[in-house]
Amino acid sequence: MTQDEMKKAVAEAAVEYIKPKLNKESIVGVGTGSTANFFIDALAEIKHMFDGAVASSEATAERLRAQGIEVFDLNAVSEMDVYVDGADEFDSGLNLVKGGGGALTREKIVAAVAKEFVCIVDSTKKVGVLGAFPLPVEVIPMARSYVAREIVKLDGMPEWREGFVTDNGNLILDVHDMEIMHAKALETQLNNIVGVVTNGLFANRGADVVLMGTPDGVETITL
Ligand SMILES: O=C(CO)[C@H](O)[C@H](O)COP(=O)(O)O
């Protein structure tokens, strides 16, 4: 099975988490990236079961609309049962590193609103210790150098993702050489640096379920 086939399999499995709409509005939170794109394709097949979606990026919003799925402003949504998104890494505690596509802040906001976060990954994303994938940190442009210096004090090696601007008009520092032993604490510590918008650690609100595509099929992992 190729990596793409594993991504497609988990995306299709995630559709099972969409509850049919009963007497209330049913809005699905949708992540960003190649695995999330497979999920959007799978969602399009069951459009009749929900009212619309909240997108975690402009790219996702465009793809949802292209599939005929209505995109809602998060401010107009008071309740969301499920958020489905990929990840760059996950560990056995269902802590995640996300933001390879630069959409981490909106992803974290939509995940925060959802009752359940279903993370869809292929087996290459499973790690013993987070941090081999450079940890993205979204920063306000004028704070870039200051935040980079503060990250160096935390033993990280920040690299400016030059030329990339987030959907929020900010910049990304990718932090290399972090062996993340205390994900929750580091997530908070990075967020406390003035000028940081958010960082790609999803530990204080990690995934509730990870669906992992393997060559033998989809594994469901919960705590
Ligand atoms: O966090 C993300 C985007 O900001 C993605 O979920 C993450 O990068 C995984 O992407 P892919 O599904 O393409 O491997």
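Residues numbered from 1 in each chain as written. Predicted model: local features only at pLDDT ≥ 70, side-chain atom pairs only at ≥ 80, totals over all residues.

Asker: So what's going on with unusual backbone geometry? Residues and values would help.
Answerer: Positive phi, normally seen in glycine, also occurs at Leu-94, with a value near 60°. Assignment of secondary structure puts Leu-94 in the loop between strand S4 (89-90) and strand S5 (96-97). Unusually for a residue other than glycine, Asp-177 sits at a positive phi of about 60°. Among the secondary structure elements, Asp-177 is positioned in the loop between strand S9 (171-176) and helix H6 (183-191). (Helix = DSSP H or I, 4+ residues; strand = E, 2+ residues; numbered from the N terminus.)

Asker: I'd like to hear about the nonpolar core, residue by residue, with values.
Answerer: Residues Val-10, Ala-14, Val-30, Phe-39, Cys-119, Ile-120 and Val-137 are the most contacted members of the largest nonpolar core, which totals 62 residues. Among the domains, domain 1 (3-127 + 204-221) and domain 2 (135-199) are the pair contributing at least three residues each to this core. (Core = buried A, V, L, I, M, F, W, Y, C linked by C-beta atoms within 7 Å. Buried ≥ 20, exposed ≤ 12 C-beta atoms within 10 Å, placed from the backbone. Domains from an automatic or database assignment.)

Asker: Which residues make up the environment of Val-196, and what values do they have?
Answerer: Among the secondary structure elements, Val-196 is positioned in strand S10 (residues 196-199). Look at Val-196 and you get buried, because 21 C-beta atoms sit within 10 Å. On a C-alpha basis, the gap between Val-196 and Val-137 in space is 7.0 Å, while along the polypeptide they are 59 residues apart. Not counting residues within four places of it along the chain, the set of residues in contact with Val-196 comprises Val-137, Val-139, Val-147, Leu-190 and Asn-191. (Contact = placed C-beta atoms within 7 Å.)

Asker: So what's going on with the site of the ligand? Residues and values would help.
Answerer: Taken together, 17 residues are adjacent to the ligand, and Gly-33, Thr-35, Gly-86, Gly-100 and Gly-101 come closest. Of all the secondary-structure elements, those providing two or more residues to the shell around the ligand are helix H2 (34-44) and helix H4 (104-113). Residue composition of the shell around the ligand, by class: 3 nonpolar, 10 polar and 4 charged. (Near = placed C-beta within 6 Å. Nonpolar A, V, L, I, M, F, W, Y, C, P; charged D, E, K, R; others polar.)

Asker: Tell me what's going on with the sheet that holds S5, and back it up with residues and numbers.
Answerer: As summarised here, the arrangement of the 3 strands in space is S4-S5-S11, forming an open sheet in which the pairing is antiparallel. Unpaired on one side and paired on the other, S4 and strand S11 (201-202) mark the two borders of the sheet. In this sheet, S11 lies alongside S5 in antiparallel orientation, the contact comprising 2 bridges. Paired with Leu-96 across the two strands is Phe-202, which belongs to S11. (Pairing = 2+ DSSP bridges.)

By themselves, these are just geometric observations and shouldn't be taken as functional.
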